[in-house]
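Observations on the model geometry
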Amino acid sequence: MDVDKMEEKDWKYHGEGNKSLVLSHVQLSRVLRLLKYPAEDSENPPQTVEQAFRQIQNIVDFSSNVMSSLLGEKFIHSGEVVKLPLEFVRQLSIRVQHQRPAWRCDKVMDIYSGCALCLPNLTSPVLHQPTHTPPLCIEIKPKCGFLPSSKHVSKDIKTKVCRFCMHQHYKVASGKWRRRSLYCPLDLFSGNRQRMHFAIRHLIEEPQNNFKIFKGGQCIYSSKEGSDDSLDLNSLLHHLRPYFLYGNNRINTTSKAVLNDFIQVLVNALLSGGGGGDGGMVTERQGEGRSFCEASLFNKERIRHGSQGLPSDSVLFRILQTQMLDTQDIEGLYPLYHRVEQHLQDFPKESVRTRLQIDGPYDEAFLEKLQKCPTEDDGSVEFAVAKVHQYRVAMTAKDCSIMVALVPSSEKEEDDEGQRQLRDFLSSRPPAFSYSVSILDLDPKPFDSIPRQLRLDQKIVSCYLRTGGALPKGSLPSLPGIFTAAEREDCTLLFHPV
Ligand SMILES: O=P(O)(O)O[C@@H]1[C@@H](OP(=O)(O)O)[C@H](OP(=O)(O)O)[C@H](O)[C@H](OP(=O)(O)O)[C@H]1OP(=O)(O)O
Ligand SMILES: Nc1ncnc2c1ncn2[C@@H]1O[C@H](COP(=O)(O)OP(=O)(O)OP(=O)(O)O)[C@@H](O)[C@H]1O
């Protein structure tokens with residue numbers, strides 16, 4: 001990308017999270033990810049250009065040297081740091097301001113450093129040929145997929161109800177979201193198609209910041225964050241229908257069938273090895289007790305084919321394994337964090353912080369530290385720091401997103417259109433898609449975010465225990481058309497035999 005020839009008109013607002021704002025190129029399959037700062041800092045940049053550059057380089061290094069090795073290279077696009085003309089950044093910041101959701105405007109885009117991360121645009125993959133049907137890209141932020149079993153967990157409820165489901169109560173109580181999502185990550189990570197299907201329906205019903213759909217690079221379905229606007233399922237179905245018309249269903253494809261087929265294709269991609277293909281070996285998951293959340297509405301008695309587990313080359317398996325590097329739970333980790341903190345206070349030289357790689361560099365030595373961490377605590381600062389590093393990596397895996405790009409198989413790939421239709425007709429299967437699976441948002445979590453984690457954990461658990469898992473009236477999702485009353489009663493009605 002030639003940064004000297006950058007023109008504002010070629011870039012548009014694409015999206016944002018808590019700490020970065022993303023712009024996409026109108027023609028090239030590229031995005032620029034810029035840092036955000038608290039609005040109070042908008043007059044004075046909170047860090048120097050060198051620090052901003054280092055922060056973004058750290059993101060690239062962490063993704064390419066650490067997360068890529070744990071999650072699998074094939075899923076990762078680490079990108080590169082670019083230095084943009086300041087005037088270009090300032091003009092863009094003004095141009096995109098009105099498109100930003102109000103609830104994200106407590107932070108402003110960094111207009112001082114000119115540093116940004118340049119990445120492939122995962123919502124308009126290059127494998128798409130412009131003449132054909134645009135790709136559908138589905139973004140899922142799955143969050144934590146297991147229940148802790150650490151001996152340090154002090155509240156029994158944490159071993160029964162997953163963090164996401166408990167957190168929903170806190171989010172509704174604190175006004176972050178008006179309605180509770182009934183999505184449960186443990187269902188998505190189960191590897192059981194029925195449970196995964198159930199989980200995805202709940203993501204569609206109440207997407208919050210966990211689910212988005214893009215068509216040809218445009219976001220066509222997401223929560224209108226902070227607003228009470230109801231979601232438009234009919235509009236979504238209108239977009240999806242052309243992708244799922246096939247065989248004898250060409251005319252009479254019901255909304256339910258379209259949605260079921262869409263979810264089935266998505267589940268296939270999530271269980272696959274990441275780029276076409278059939279998935280490979282099925283690996284047994286951890287003990288059943290850790291993989292069911294008591295707050296999930298999925299009726300576990302109804303599982304028809306037992307728990308299949310996740311294929312070891314699937315994106316969900318890799319993410320879950322990395323999340324499970326959090327072996328101590330925040331309650332067990334905090335004293336180890338405290339040991340490191342104490343050591344840094346006792347030896348305040350910068351060289352100590354550097355030797356322990358508290359703020360990077362995120363290189364092979366960092367990866368080795370966390371991979372070679374002994375199982376027994378010998379009381380050393382090295383043990384504590386390795387556990388903290390593992391925890392931070394697990395945090396990143398608990399907060400990353402998956403992007404699944406679905407491209408309808410082109411006529412070329414399908415030997416002959418007529419034959420394809422006949423095959424679809426005979427098999428009553430949805431049409432074929434090629435797909436690619438990527439993981440985004442693999443930033444390192446700062447060392448000093450750990451005390452906040454402990455406080456948040458305590459707030460979430462005490463809120464859940466205080467309310468007994470009950471929610472205020474009207475805070476349950478109610479998107480017409482996703483679940484009928486009967487389906488809520490019996491989720492097994494939802495599924496095609498597979
Ligand atoms: O703590 P959590 O689980 O609420 O996760 C935070 C996310 O909230 P969520 O619950 O997904 O809505 C939060 O997402 P939102 O701002 O709510 O969209 C961020 O991803 C935050 O990460 P960071 O501080 O920006 O690096 C996330 O913080 P970390 O815990 O990953 O630091
Ligand atoms: N490479 C990419 N291609 C396409 N879209 C992207 C890409 N990277 C990010 N996005 C979009 O921009 C949004 C914000 O990006 P991202 O999740 O990285 O921000 P963040 O501030 O790190 O989020 P968080 O709130 O989790 O900290 C994403 O949800 C996604 O929709």
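Residues numbered from 1 in each chain as written. Chains lettered and ligands numbered in written order. Predicted model: local features only at pLDDT ≥ 70, side-chain atom pairs only at ≥ 80, totals over all residues. Heavy atoms only, no water.

**Looking at a positive patch on the surface**
On the surface, Lys176, Arg452, Arg455 and Lys459 cluster together into a positively charged patch. You can see arginine 455 is positioned in helix H14 (residues 450-467). Judged by its relative accessible area of 48%, arginine 455 is partly exposed. (Patch = residues over 30% accessible without salt bridge, like charges linked within 9 Å, V, L, I, M, F, W, Y side chains within 5 Å. Areas by Shrake-Rupley, 256 points an atom, 1.4 Å probe, with all protein chains shown as cover. Salt bridge = Lys/Arg side-chain N within 4 Å of Asp/Glu carboxyl O. Lys, Arg positive; Asp, Glu negative; His and termini not counted. Charge placed at Lys NZ, Arg CZ, Asp CG, Glu CD. Helix = DSSP H or I, 4+ residues; strand = E, 2+ residues; numbered from the N terminus. Buried < 20%, exposed > 50% of the residue type's maximum accessible area, 1.4 Å probe, protein only.)

**Observations concerning the sheet that holds strand S7 (residues 136-140)**
The strand order across the open sheet formed by 5 strands is S9-S8-S7-S10-S11, and the pairing between neighbours is antiparallel. With one partner strand each, in any of the chains shown, strand S9 (218-221) and strand S11 (433-440) form the two edges of the open sheet. Across the sheet, the axes of successive neighbouring strands diverge by a mean angle of 25 degrees, strand direction being ignored. As paired elements, S7 and strand S8 (residues 211-215) share 5 bridges and run antiparallel to each other. (Pairing = 2+ DSSP bridges. Axes fitted to C-alpha atoms, helices over the stretch in contact; angles between N-to-C directions.)

**Digging into the packing of aromatic side chains**
By the definition in use, this model includes 10 aromatic pairs. Ring centres of tryptophan 103 and tryptophan 177 lie 5.7 Å apart, and the angle between their planes is 65 degrees; on these two criteria the pair is classed as edge-to-face. One end of the pair, tryptophan 103, is in the loop between helix H2 (86-96) and strand S5 (107-109); the other, tryptophan 177, is in the loop between helix H3 (163-173) and helix H4 (185-188), and 74 residues separate them in sequence. By relative accessible area, which is 27% here, tryptophan 103 ends up partly exposed. Judged by centre distance (4.9 Å) and plane angle (85 degrees), the ring pair of tyrosine 362 and phenylalanine 366 falls under edge-to-face. (Phe/Tyr/Trp six-rings, centres within 6.5 Å; stacked < 30°, edge-to-face > 60°.)

**Quick look at the domain arrangement of the protein chain**
For the protein chain, the assigned domains read domain 1 (3-120) and domain 2 (136-324 + 397-494). The partner domain 2 presents 23 residues to the 20 residues of domain 1 that form the contact. Inspection of the domain 1/domain 2 interface yields 6 residue pairs in polar contact (both at pLDDT 80 or more). Residue contributions to the side of domain 1 that touches domain 2 peak at 8 residues, all from helix H1 (residues 49-71). (Domains from an automatic or database assignment. Contact = heavy atoms within 4.5 Å. Polar contact = N/O pair within 3.5 Å; in protein donor to acceptor, adjacent residues only side chain to side chain.)

**Some points on the site of ligand 2**
With respect to spatial proximity, 21 residues lie near ligand 2, and among them Asn18, Ser20, Arg33, Glu139 and Asp441 are the closest. Backbone polar atom of asparagine 18 to an oxygen atom of ligand 2: 2.7 Å apart, as the coordinates give it. Between ligand 2 and lysine 212, the relevant distance is 3.0 Å, taken from an oxygen atom to a side-chain nitrogen or oxygen of the residue. For ligand 2, whose free accessible area comes to 620 Å², the fraction covered by protein is 94%. Among the secondary structure elements, those contributing two or more residues to the shell around ligand 2 are strand S1 (11-16), strand S2 (20-25), strand S3 (30-38), strand S6 (115-120) and S8. For the shell around ligand 2, the class distribution of residues is 7 nonpolar, 6 polar and 8 charged. Shared between two domains, the shell around ligand 2 takes at least three residues from each, and those domains are domain 1 (3-120) and domain 2 (136-324 + 397-494). (Near = heavy atom within 4 Å. Nonpolar A, V, L, I, M, F, W, Y, C, P; charged D, E, K, R; others polar.)

**A word on the environment of leucine 182**
Secondary-structure assignment places leucine 182 in the loop between H3 and H4. Given the relative accessible area of 8%, leucine 182 is considered buried. For the pair leucine 182 and lysine 300, spaced 118 residues apart in sequence, the C-alpha separation works out to 15 Å.

**Examining the site of ligand 1**
Every one of the 16 residues lining ligand 1 counts as a neighbour, but Arg104, Lys176, Asp399, Lys445 and Gln453 are closest to it. In the model, an oxygen atom of ligand 1 is placed 3.2 Å from a nitrogen or oxygen of the lysine 141 side chain. In this structure, an oxygen atom belonging to ligand 1 sits 2.6 Å away from a side-chain N or O atom of glutamine 453. If ligand 1 stood free it would expose 600 Å²; the protein chains cover 86% of that surface. Counting only elements with at least two residues in the shell around ligand 1, the list comes to H3, helix H12 (381-399) and H14. If you count residues domain by domain, the shell around ligand 1 takes at least three from each of domain 1 (3-120) and domain 2 (136-324 + 397-494).

**Some points on the side chain of histidine 389**
You can see histidine 389 is positioned in helix H12. For histidine 389, a relative accessible area of 1% translates into the label buried. Once you skip the residues sitting within four places of it in the chain, histidine 389 turns out to touch Leu356, Gln357, Ile358, Phe366, Lys369 and Leu370.

**Observations regarding the nonpolar core**
With 78 residues, the main nonpolar core has Val66, Ile204, Phe211, Phe262 and Leu270 as its most contacted residues. A domain-level breakdown of this core finds at least three residues from each of domain 1 (3-120) and domain 2 (136-324 + 397-494). Look past the residues within four positions of leucine 270 in its chain and what remains in contact with it is Ile140, Leu188, Met196, Ile200, Ser314, Val315, Leu316, Ile402 and Val404. Judged by nonpolar contacts, the second largest core, of 21 residues, contains Ile358, Val385, Phe447 and Leu454. (Core = buried A, V, L, I, M, F, W, Y, C linked by side-chain atoms within 4.5 Å.)

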